[in-house]
Amino acid sequence: MSFSSIVILTGAGISAESGVDTFRDKGGIWSKVDLQDVATPQGFKRDPERVHAFYNDRRAGLKTVRPNAAHRALARLEAEFIGSVLVVTQNIDNLHERAGTKHLLHMHGELTKVFCTKCGTHRDEHGDLTTFDYCSQCGATGTLRPDIVWFGEMPYHMDEIHEALHRCDLFIAIGTSGSVYPAAGFVEEAHAIGAHTVELNLEPTEHDSAFDEVRRGRATELVPAYVEELLLS
């Protein structure tokens, strides 16, 4: 089976093997921290110092992790595949780009970016953020927040993602639980236009039956092997 347009959705499972803390798994971040305090606009308004401290810790943690074999395999697929490859990630880490992936959309934002709630300017940020920082564009102080899509906010790049799903002939979901919308509905969108759909995941998910093909195992083993198959087909 050969393909010409691939859309890949990645979730926490692909970065977990690099040592990135997951949010929803048993023992994950949301079992230790109330998401209402650190992942909502209301929480930021109540206690911006706490929110900044939480994401400063997450940002600092990126310096201790490295892309793994699964990240590198997807970068190889993009570089060598004769056709289009788009990686859509639910992850806020920067491991895909550090592995070499260039055609990449972060639908839930990025740890290494901030934006100004006053003027809407987005910029890179690799250090700590505080309520005393000012926006280099409009000069306002205390208006910068992590460039993360919080609960109740619309994910980024949805128009571009839907367009890609409607023209792909292969959709792959890697390391994602399939429990969070709108990403959980991507497999149905791809199916609707006749795309072949594949799930690569460590454990069963709620949407197993929606996929044409399901493979179980570690992302660092499954993804390089599947990429090799695609490049040889």
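The rules behind these values
Residues numbered from 1 in each chain as written. Predicted model: local features only at pLDDT ≥ 70, side-chain atom pairs only at ≥ 80, totals over all residues. Heavy atoms only, no water. Helix = DSSP H or I, 4+ residues; strand = E, 2+ residues; numbered from the N terminus. Rg over C-alpha atoms; globule rule 2.2 N^0.38 Å. Buried < 20%, exposed > 50% of the residue type's maximum accessible area, 1.4 Å probe, protein only. Contact = heavy atoms within 4.5 Å. Salt bridge = Lys/Arg side-chain N within 4 Å of Asp/Glu carboxyl O. UniProt positions renumbered as here; feature names shortened; annotations may be inferred. Expected span 1.5 Å × (residues − 1). Arc of directions from axis to C-beta. Lys, Arg positive; Asp, Glu negative; His and termini not counted. Axes fitted to C-alpha atoms, helices over the stretch in contact; angles between N-to-C directions. Parallel < 35°, antiparallel > 145°, perpendicular 65-115°, else oblique. Left-handed = near helix turned anticlockwise from the far one by under 90°. Core = buried A, V, L, I, M, F, W, Y, C linked by side-chain atoms within 4.5 Å.

Topic: the overall build of the protein
Helix and strand counts for the protein come out as 9 helices and 9 strands. Scaling as 2.2 N^0.38, a compact globule of 233 residues should have a C-alpha radius of gyration of about 17 Å, and the protein matches this with 18 Å. C-alpha atoms of the protein, sized along the principal axes, occupy 55 × 35 × 30 Å. Here the protein holds 233 residues, and 50% of them are scored as buried. Residue pairs at least 24 apart in sequence account for 63% of intrachain contacts in the protein once pairs closer than 6 positions are excluded.

Here we look at the pattern of salt bridges
Taken as a whole and judged by the stated rule, the model has 13 salt bridges. As a salt-bridge pair, Asp-124 and Lys-113 come within 2.8 Å of each other at their nearest N and O atoms. Taken together, the residues span a long stretch of sequence, with Asp-124 in strand 5 (residues 122-124) and Lys-113 in strand 4 (residues 109-116) at a distance of 11 residues. When its relative accessible area of 23% is taken as the criterion, Lys-113 is described as partly exposed. In this structure, Arg-218 and Glu-221 form a salt bridge, with 4.0 Å as the shortest nitrogen-oxygen distance. The partly exposed category is assigned to Arg-218, whose relative accessible area is 43%. What emerges from the salt-bridge pattern is a single network uniting Glu-17, Arg-218 and Glu-221.

Considering the UniProt feature "binding site: Zn(2+)" (unreviewed entry) in the protein
When the UniProt feature table is mapped onto this chain numbering, "binding site: Zn(2+)" (unreviewed entry) sits at Cys-116, Cys-119, Cys-135 and Cys-138. Maximum C-alpha separation among the annotated residues is 8.7 Å over a sequence range of 23 residues, consistent with a single clustered spot. Of note, Cys-116 is situated in strand 4. Dropping the residues within four chain positions of it, Cys-116 is found in contact with Thr-121, Cys-135, Cys-138, Thr-143 and Leu-144. Along the polypeptide, Cys-135 turns up in the loop between strand 5 and strand 6 (144-148).

Let's talk about helix 9 (residues 219-232)
Taking 1.5 Å of rise per residue, 14 residues should cover 20 Å, and helix 9 covers 20 Å from first to last C-alpha, within 8% of that figure. Within helix 9 the residues assigned to the buried category are Ala-219, Thr-220, Leu-222, Val-223, Tyr-226, Val-227 and Leu-230. Looking straight down helix 9, one finds that the buried residues subtend no more than 165° of arc, so they occupy a single side. Exposed positions of helix 9 whose direction lies more than 90 degrees from the buried face are Glu-221 and Leu-232. Lining the buried residues of helix 9 we find strand 1 (5-10), helix 1 (12-16), helix 5 (69-80), strand 7 (170-174), strand 8 (196-201) and strand 9 (213-216).

Points about the side chain of Glu-110
Within the secondary structure, Glu-110 is located in strand 4. Lacking a salt bridge, the buried Glu-110 has Lys-113 as its closest oppositely charged neighbour, with an N-O distance of 4.5 Å. What Glu-110 contacts, discounting residues up to four positions off in sequence, is Ile-92, Glu-97, Asp-147 and Ile-148.

Let's talk about the packing of helix 5 against helix 9
At a closest axis distance of 7 Å, the pairing of helix 5 and helix 9 adopts a crossing angle of 15°. It follows from the interaxial angle that helix 5 and helix 9 lie roughly parallel. When the axes of helix 5 and helix 9 are compared, the crossing they make is left-handed. Contacts between helix 5 and helix 9 involve Ala-69, Ala-70, Ala-73, Leu-74, Arg-76, Leu-77 and Glu-80 from the first element and Ala-219, Thr-220, Val-223, Pro-224, Val-227, Glu-228, Leu-230 and Leu-231 from the second.

A closer look at the nonpolar core
Counting residues in hydrophobic clusters, the biggest one holds 23 residues, and the most contacted among them are Ile-6, Ile-8, Ile-172 and Val-223. Secondary structure elements with two or more residues in this core: strand 1, helix 5, strand 2 (84-89), strand 7, strand 8 and helix 9. Ranked by the residues each element gives to this core, the list is headed by helix 9, at 6 residues. Not counting residues within four places of it along the chain, the set of residues in contact with Ile-6 comprises Leu-77, Phe-81, Ser-84, Val-85, Leu-86, Leu-170, Ile-172 and Leu-230. Leu-86, Val-88, Cys-168 and Phe-186 belong to the second largest nonpolar core, which has 20 residues in total.

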